[in-house]
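Results of the structural survey
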Amino acid sequence: MNAFAHELRLLARDGRVAVLALAMLALLAATLATAFAARERRDAERALAEAQVRAQWDTQGDKHPHRGAHFGLYALRPEPALAAFDPGLLPYTGQALWLEPHRRNLSRHAPAADEPPATRFGRLTPAFALAALLPLLVIACAFQAVSGEREQGTLRATLALGLPPRRWLAAKFLAVMGAVLAVVLAGVAGALLPGLAQGTGGSAAVTLAPGRVAGLALGALLYLGGFAALALAVSARARQSRAALALLLGLWLASVFVVPRLAAAAAQALVPVPTAQAFRDAIARDHEQGLGGDGTLAERGARFDRALLARHGVSRLEDLPLGASAARRLARDAYADRVHALHFDRLWALHRRQEQLLRLAALASPTMAMGALSMAMAGTDLAHQHHFEDAAEHYRREVNTAIDRWDMAHTQGLRSFEERYAGDALWRSVPRWRYAAPGASFAWREAGVPLALLAAWAMAGVLLLMRAARRLRP
Amino acid sequence: MSAPPPSMQAFAWTCRAELARLCRQRADVLVLAALALALLGSAVLGGLRARDFRAEAGARHADAMHAQAQAQAQARARSRSADAAAAGSPQAALATYQFARACAVPAQPQAPGGLSLGTTAHTLLGATARPTVDSRHTDAQRDEALGHPLLAELGTPDFALVVALLLPLALLAGAGAQVQSARADGLWRLMAASSQRAWHWPVAAIGLRWLAVLAIAVLASALAFALDPGSDTRSFLRWLMCLLAYALWWGLATALLALPRISPAAATLSGLGLWLAVLFAVPALLQARADARDPMPSRLAMLIALREAQQSAEQSADSLMARWYAAHPATPRPAEPPGWPRSFMPRYAAQETQVRPLLRDFDIARARRHADLQAWWPLAPGAALLMAADHLAGADARQQLDFQHRVDAYDDAWRAFFLPRIMGAQPLREADFDSLPGWPAPR
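Residues numbered from 1 in each chain as written. Chains lettered and ligands numbered in written order. Predicted model: local features only at pLDDT ≥ 70, side-chain atom pairs only at ≥ 80, totals over all residues. Heavy atoms only, no water.

Considerations on the overall build of chain A
Of regular secondary structure, chain A possesses 19 helices and two strands. Projected onto its principal axes, the C-alpha positions of chain A cover 105 × 50 × 35 Å. Residues counted as buried form 54% of the 474 residues belonging to chain A. Here the contacts in chain A between residues at least 6 apart in sequence split such that 82% fall between residues at least 24 apart. Placing the 54 positive and 38 negative side-chain charges of chain A at their respective mean positions leaves the two points 12 Å apart. (Helix = DSSP H or I, 4+ residues; strand = E, 2+ residues; numbered from the N terminus. Buried < 20%, exposed > 50% of the residue type's maximum accessible area, 1.4 Å probe, protein only. Contact = heavy atoms within 4.5 Å. Lys, Arg positive; Asp, Glu negative; His and termini not counted. Charge placed at Lys NZ, Arg CZ, Asp CG, Glu CD.)

A look at the nonpolar core
The biggest cluster of nonpolar side chains holds 149 residues, and the ones touching the most others in it are W239 and W275 of chain B. In terms of residue count, the dominant contributor to this core is helix α5 (residues 126-142) of chain A (15 residues). Setting aside residues no more than four positions away along its own chain, W275 of chain B makes contact with W252, L253 and F257 of chain A together with L165, P168, L169, L172, W250 and F280 of chain B. C103, A104, F417 and M423 of chain B belong to the second largest nonpolar core, which has 31 residues in total. (Core = buried A, V, L, I, M, F, W, Y, C linked by side-chain atoms within 4.5 Å.)

Quick notes on the pattern of salt bridges
Tallying each qualifying case throughout the model produces 48 salt bridges over all chains. Between E393 of chain A and R104 of chain A there is a salt bridge, and its shortest N-O distance comes to 3.8 Å. Of this pair, E393 of chain A sits in helix α16 (residues 382-410) while R104 of chain A sits in the loop between β2 (96-99) and α5, and the two are 289 residues apart along the sequence. Take E393 of chain A: its relative accessible area is 5%, and that puts it in the buried class. With a closest N to O distance of 3.0 Å, D114 of chain A and R366 of chain B form a salt bridge. Of the two residues, D114 of chain A is situated in the loop between β2 and α5 and R366 of chain B in helix α13 (residues 345-374); the pairing between them involves two chains. Given a relative accessible area of 10%, R366 of chain B falls into the buried group. When salt bridges that share partners are traced, they join D114 of chain A together with R299, R356, R360, D363, R366, D408, D411, D412 and R415 of chain B into one network. (Salt bridge = Lys/Arg side-chain N within 4 Å of Asp/Glu carboxyl O.)

A few points about empty space enclosed by the protein
Counting across every chain of the model gives six cavities of 30 Å³ or more. Within this model, the largest cavity holds a volume of roughly 810 Å³. What lines the largest cavity is a set of 44 residues, among which G371 and M375 of chain A together with L150, E153 and L154 of chain B lie closest to the centre. Elements that contribute at least two residues to the lining of the largest cavity include exactly α4 (90-93), α5, α11 (241-270), α14 (324-361), α15 (366-378), α16 and α19 (448-470) of chain A together with α5 (149-153) of chain B. The element that contributes the greatest number of residues to the lining of the largest cavity is α15 of chain A, accounting for eight residues. Residues belonging to the lining of the largest cavity are distributed by class as follows: 26 nonpolar, nine polar and nine charged. Here the second largest cavity defines a volume of roughly 330 Å³. Along the wall of the second largest cavity there are 26 residues; nearest its centre are D114, E115, P116 and P117 of chain A together with R366 of chain B. (1 Å grid on protein atoms, 1.4 Å probe; cavity = no way out; pocket = protein on both sides within 12 Å on 5 of 7 lines; lining within 4 Å. Points joined across faces, edges and corners; volume = space filled by probe spheres on them. Nonpolar A, V, L, I, M, F, W, Y, C, P; charged D, E, K, R; others polar.)

Remarks on the interface of chain B and chain A
Facing 73 residues of chain B, the contacting portion of chain A comprises 78 residues. Taking both partners together, chain B and chain A bury about 6500 Å²; carbon and sulfur atoms supply 64% of that area. At the surface where chain B touches chain A, the tally comes to six salt bridges. With a shortest N-O distance of 3.1 Å, K63 of chain A and E314 of chain B are connected by a salt bridge. Where chain B touches chain A, the interface holds 17 residue pairs in polar contact (both at pLDDT 80 or more). Considering every element that reaches the side of chain B that touches chain A, the biggest residue donor is helix α10 (residues 264-293) of chain B, with 14 residues. Across the side of chain B that touches chain A, the residue classes break down as 41 nonpolar, 18 polar and 14 charged. (Buried area = accessible area lost by both parts, 1.4 Å probe. Polar contact = N/O pair within 3.5 Å; in protein donor to acceptor, adjacent residues only side chain to side chain.)

Quick notes on a positive patch on the surface
Residues and elements named next belong to chain A. On the surface, R166, R237, R467, R470, R471 and R473 cluster together into a patch of positive charge. Mapping R237 onto the fold places it in helix α10 (residues 210-237). Exposure remark for R237: the relative accessible area of 52% places this residue in the exposed category. (Patch = residues over 30% accessible without salt bridge, like charges linked within 9 Å, V, L, I, M, F, W, Y side chains within 5 Å. Areas by Shrake-Rupley, 256 points an atom, 1.4 Å probe, with all protein chains shown as cover.)

Re the packing of aromatic side chains
In the structure shown here, the tally under the stated rule is 31 aromatic pairs over all chains. Centre to centre, the rings of F257 of chain A and W275 of chain B are 5.4 Å apart; their planes meet at 85°, and the pair counts as edge-to-face. Of this pair, F257 of chain A sits in helix α11 while W275 of chain B sits in helix α10, on two different chains. Aromatic ring contacts, followed pair by pair, group F121, F128, W252 and F257 of chain A together with W275 and F280 of chain B into a single cluster. Positioned above the aromatic ring of F71 of chain A is the side chain of K63 of chain A, whose terminal nitrogen or guanidinium carbon lies 4.6 Å from the ring centre. Over the aromatic face of F344 of chain B sits the side chain of R347 of chain B, whose NZ or CZ is 4.6 Å from the ring centroid. (Phe/Tyr/Trp six-rings, centres within 6.5 Å; stacked < 30°, edge-to-face > 60°. Lys NZ or Arg CZ within 6 Å of the ring centre and 35° of its normal.)

Observations concerning unusual backbone geometry
Cis geometry marks the peptide bond from W340 of chain B to P341 of chain B, where omega comes out at 5°. On the secondary structure map, P341 of chain B appears in the loop between α12 (317-327) and α13. At H102 of chain A, a position not held by glycine, the phi torsion is positive, near 70°. Tracing the backbone shows H102 of chain A in the loop between β2 and α5.

A look at a nonpolar patch on the surface
Taken together, L181, L185 and L221 of chain A make up a surface patch of nonpolar side chains, about 270 Å² in accessible area. For L181 of chain A, the location among the structural elements is in helix α8 (residues 165-196).

Section: the side chain of R360 of chain B
As for its placement among the helices and strands, R360 of chain B is situated in helix α13. At 2.5 Å, the side chain of R360 of chain B forms a polar contact with the side chain of D363 of chain B.

Re α19 of chain A
With 23 residues, α19 of chain A extends 33 Å between its outermost C-alpha atoms, agreeing within 8% with the 33 Å of an ideal straight helix rising 1.5 Å per residue. Within α19 of chain A, burial applies to P450, L451, L453, L454, W457, A458, G461, L465, A468 and A469 of chain A. (Expected span 1.5 Å × (residues − 1).)

Section: the state of the cysteines
All names here are of chain B. Evaluated as defined, the whole model comprises zero disulfides over all chains. Free of any disulfide, C15 has its nearest neighbouring cysteine sulfur in C23, separated by 13 Å. A residue is classified by how much of its surface remains accessible, and C15, at 18% relative accessible area, is buried. (Disulfide = S-S within 2.5 Å.)

As far as function goes, none of this settles anything; it's purely spatial.
Okay, here's the thing in structure tokens:
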């Protein structure tokens with residue numbers, strides 16, 4: 001305990017560390033506070049837009065029901081509370097998903113398109129501060145913790161006192177972690193306190209998603225702990241502090257900037273995805289020609305018509321006791337939904353394979369593992385996006401099926417598309433879009449592999465530190 | 001010829017000695033080798049991506065031209081066959097409509113000579129637009145990004161981005177660290193004592209390393225441009241000017257960081273702090289300033305306005321159609337109100353005139369913010385370098401705005417060509433294909 005207190009005092013007296021710690025604290029508090037405030041503004045805007053979209057749908061007036069369906073609805077994904085901490089993929093996944101008949105869309109209007117070129121360096125978010133900048137504070141605290149004493153000659157005296165090297169290094173490790181955690185906690189407190197009383201801002205995130213916050217905290221502890229252990233191990237082995245610093249900064253650069261981008265390039269090259277044109281052409285082709293012996297669109301349509309006429313004992317579509325066009329649409333769209341599901345599942349399988357390659361690369365970059373965990377806990381990774389898009393697709397089918405069934409039940413035979421026999425009562429009868437984001441257990445499942453990688457990283461750091469303690473020489 | 005002044009000769013000797021020292025210093029060699037590896041690798045990727053980008057654009061253009069040629073051949077065959085759709089018939093209107101909705105040659109930007117510097121901006125903003133007689137911004141939207149979003153964020157960084165990130169690090173790690181280390185080891189004092197001027201050695205140390213880093217960046221740039229078949233000398237020279245300015249900025253920063261009497265570790269951390277501040281913090285602050293003073297329009301508000309335009313056009317479809325025929329007396333009006341697609345055409349045209357300004361607002365705001373950010377280039381040289389690279393690649397905000405204006409004009413010409421033919425239910429004749437509005441083939 002005395003050794004720990006002594007090391008903590010040494011750190012506090014180091015002007016460099018104090019300056020860096022204050023800068024990091026200010027940065028964390030500022031990015032957290034502004035991010036949570038911005039997220040609340042965006043959420044309010046989204047809620048208003050959702051209400052307006054629905055109001056526009058409800059008051060379409062008299063139209064042919066299928067034309068009303070084509071007016072469409074938008075599914076707007078609510079931003080998770082912790083998206084302010086880590087916006088993850090939200091800038092790239094689009095804000096709005098258009099729900100229309102016959103076709104499944106992807107989200108559009110990605111915010112990244114409106115950002116200036118400098119964001120390509122990296123977004124200055126709280127997650128970036130944690131994953132990219134806090135390790136620098138750790139390195140600054142630790143790089144000359146042992147090598148500096150060796151250079152000054154005090155290491156020999158310390159070892160001569162009989163203090164076991166392992167305990168001494170453990171005290172340094174705890175002091176470094178204590179200093180960094182103090183900065184983090186102060187920064188987080190500074191950002192959350194203003195909203196704590198109202199239950200807004202970041203404090204809302206803590207209260208609404210304690211499981212996810214706990215996951216983030218655990219990941220951050222393992223991540224920073226690994227860096228602290230590694231930095232102390234390098235310092236213990238290096239003859240000169242500047243050599244230790246150079247090596248640690250090189251490892252930091254590789255982990256934060258080089259490996260992630262090389263891994264992304266490799267994933268793109270090894271698992272290419274089709275172009276949008278090829279993707280849509282393939283869907284159109286399978287819908288037109290049919291899947292595995294189902295026959296072409298025309299053949300399927302003719303079969304359906306024959307079956308429908310036979311079921312109702314009539315010989316012409318005009319004589320059917322139900323809306324023939326609506327019945328045909330239901331059958332055609334059901335098939336189209338199958339074709340879309342097949343192709344989208346294939347696309348998402350390609351995304352998962354790309355993610356697996358990125359996870360492999362996280363073995364060489366703990367920052368990638370921390371980023372994956374952070375996005376999973378914040379609800380801004382691809383798994384959460386797919387959960388939303390699946391829910392939106394389910395809703396899209398529900399809406400269009402409801403409208404076509406109404407049309408089928410309220411008309412007979414063939415009706416012209418110019419007729420306007422549906423009104424606001426139909427539009428209002430369509431259930432409202434409600435999206436329930438997955439719970440913390442979903443996030444923990446997605447974060448399982450990154451968490452394991454971070455635990456391995458922390459363990460590796462501690463093992464290196466223990467080995468350095470065994471071989472410590474003045 | 002007169003002999004150089006003694007001070008110049010002494011400086012030259014100092015430079016030669018420092019060059020020999022540089023070649024023997026493992027740390028210097030490692031830094032320069034790592035920089036060369038990264039920049040040359042990135043240059044190769046950048047050049048090849050530019051090549052692929054141009055090839056894909058060319059293929060899209062060729063496919064569209066082929067489709068038009070096929071449609072022309074089919075129109076020729078139909079006009080000679082017995083079951084050719086008669087002028088004025090719904091079938092004729094439908095056939096003309098189906099060609100008009102999907103067979104336009106795509107509008108693609110003419111990527112200038114600097115495309116090897118980066119293609120990200122083209123990808124983010126969408127490099128292709130296809131005019132149609134449908135509503136391009138609503139029902140007929142086909143601009144989707146299918147890639148994993150995380151790869152879009154990380155992605156293979158553009159060559160210009162890699163230069164912007166690594167060049168300063170190489171200078172700070174090489175030149176900056178060396179000078180402070182030499183001071184800490186007492187080498188600077190020794191050099192100063194044995195040189196004619198005290199400044200000879202630090203200037204030689206920083207200057208030579210600066211030249212080495214710049215030479216690697218220039219060589220890598222030449223490789224990137226050489227691999228791009230569409231590159232040109234003018235773009236290359238303009239890029240070199242930008243590169244020189246960027247390297248000078250960081251060279252000056254490195255020299256200023258070498259002045260204070262601080263430990264090598266403190267100097268390294270200060271240099272890293274400056275790098276982080278200039279490349280990350282300052283652009284973030286400038287963006288926050290721009291968001292506060294000149295925020296981008298709201299995409300969600302745009303969606304609401306777009307749907308209002310859709311609904312309004314649909315409610316007025318009949319009157320819009322009547323007005324269209326009244327304004328185009330040369331087009332024969334059918335006896336009965338026509339159905340789809342003719343009933344939709346004037347509505348879509350009216351919708352486009354309302355929707356287009358909403359979308360242009362984004363391009364205009366982007367161009368305005370871009371111009372504002374450019375004024376701050378001394379504080380954010382990294383962002384300025386990326387903006388210059390985007391400009392040379394033909395994808396900066398101003399060029400995007402100009403491209404969108406040209407696409408709108410192309411869209412208008414396409415619609416003006418086909419609407420009378422669809423509304424008049426005229427089948428496409430062979431001669432029509434020779435006067436189709438077109439778009440030049442990409443380079």
